[in-house]
Structures are given as C-alpha cells and as structure tokens.
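What follows is each chain in one-letter form.
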Amino acid sequence: MKKNHELKGSCACGNVKYKVEGNPLFTQACHCKNCKLSTGSSFVIHTMIMEEDFKISGDVASIDLPTGSGKGYHAYFCIICGVYIFCRYGISKGRIALRTQTLEKPIKPQAHIFVKDKDPWIEISDKSICHDKMYDREKTWPAESLNRIR
Ligand SMILES: [Zn+2]
Ligand SMILES: [Zn+2]
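Since the model is a prediction, treat every value here as computed from it, not as a measurement. (Residues numbered from 1 in each chain as written. Chains lettered and ligands numbered in written order. Predicted model: local features only at pLDDT ≥ 70, side-chain atom pairs only at ≥ 80, totals over all residues.)

Can you walk me through the nonpolar core in this structure?
Of all hydrophobic cores here, the largest spans 18 residues; its most connected members are V16, I85, F86 and I96. Every element with two or more residues in this core is listed here: β2 (17-20), β7 (73-78), β8 (84-89) and β9 (95-99). Not counting residues up to four positions away in its chain, the partners in contact with V16 are S10, C11, I56, G58, V60, C78 and I85. C32, F43, I45 and A111 belong to the second-largest nonpolar core, a separate cluster that totals eleven residues. (Core = buried A, V, L, I, M, F, W, Y, C linked by C-beta atoms within 7 Å. Buried ≥ 20, exposed ≤ 12 C-beta atoms within 10 Å, placed from the backbone. Helix = DSSP H or I, 4+ residues; strand = E, 2+ residues; numbered from the N terminus. Contact = placed C-beta atoms within 7 Å.)

Structure representation (structure tokens):
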C-alpha cells in the first residue's frame, strides 16, 4: 500500500498538535442537526482514520454527546481554545473522526450525508456523492479503506 505524505493538524491556539501516520479512510460532510449544533455551522467535515495512525500532543477535554444511531460519540476539544479536534463514535471501534478543517491541508469530501437536513442556501454541485441520510459503506468507501477496517 502506498503511504501518503504524513498529514498534520492543530487547534486554533497551537496547544494541540497531531499527525496522521497512514492513509485516511474516508472524508465526508454531514448536514445532520447534531453536527450543526456541535459546530454552530451548516455542516461538519470528518476524515475517518485508524486510531493507531493518530499521534496527538497537548491536553484535550472530552464529552459524550448523542448521535442519531443512539450509541453516542465522545468529542475531544483543546482545553485552551475549545476547538473541536476529533471524536470517537460508539459504533466504530478502533477508528476516529478528525475535524477535517483542523488539518493543514484539508481534504475534499467524498460524500455528503444527511443532505435531507441541508440548509437550503447550500448547493452541492456533485449530486452523485449526496446521500439523503447515510450511505452503504460497502458500496461507497474505496476497497483499500474497507480492507483496513476488516
Ligand atoms: Zn487550542
Ligand atoms: Zn451529522
């Protein structure tokens, strides 16, 4: 497997810095109501990575928040500036979801989910990557990423 150049990111104040030492699995934008509330914005962009690839420095605080699945997620914030860096979902063990825009070089979403809740003034030009709710991962993620989570 060819390895990406290492990905790096940080919070707004510089207390938290991290590296991703492997290829990201998948990047998606979510327009659901939970994500709107937790960002205070119209959607979130998450990049899923393997937890073993994630190296972080600087103190973070965390909190449990609800999800549509009912299993919840654990969100991690810089203790100084409060920027939300990543989260762990109850349903995806061994993986974490990074807030894509905390990366130095953000990644373009490969899917938009919960488009049914999208704010009406946002137009997504590529309709082929839009999903009303959730997609079928087996049909949507690249084979290389699916192999890594098996
Ligand atoms: Zn910070
Ligand atoms: Zn969401």
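What is the right way to look at the pairing of β2 in this model?
Residues in a regular strand point their side chains to alternate faces of the sheet. Because side chains alternate across β2, one face comprises the buried residues Y18 and V20, and the other comprises K17 and K19, none of which is buried. Alignment of strand β1 (residues 7-10) against β2, held across four bridges, turns out to be antiparallel. Of the residues in β2, the one forming a bridge with G9 is Y18. A loop of six residues connects β1 with β2, the two strands running antiparallel in sequence, and G14 in this loop sits at a positive phi of about 95°. (Pairing = 2+ DSSP bridges.)

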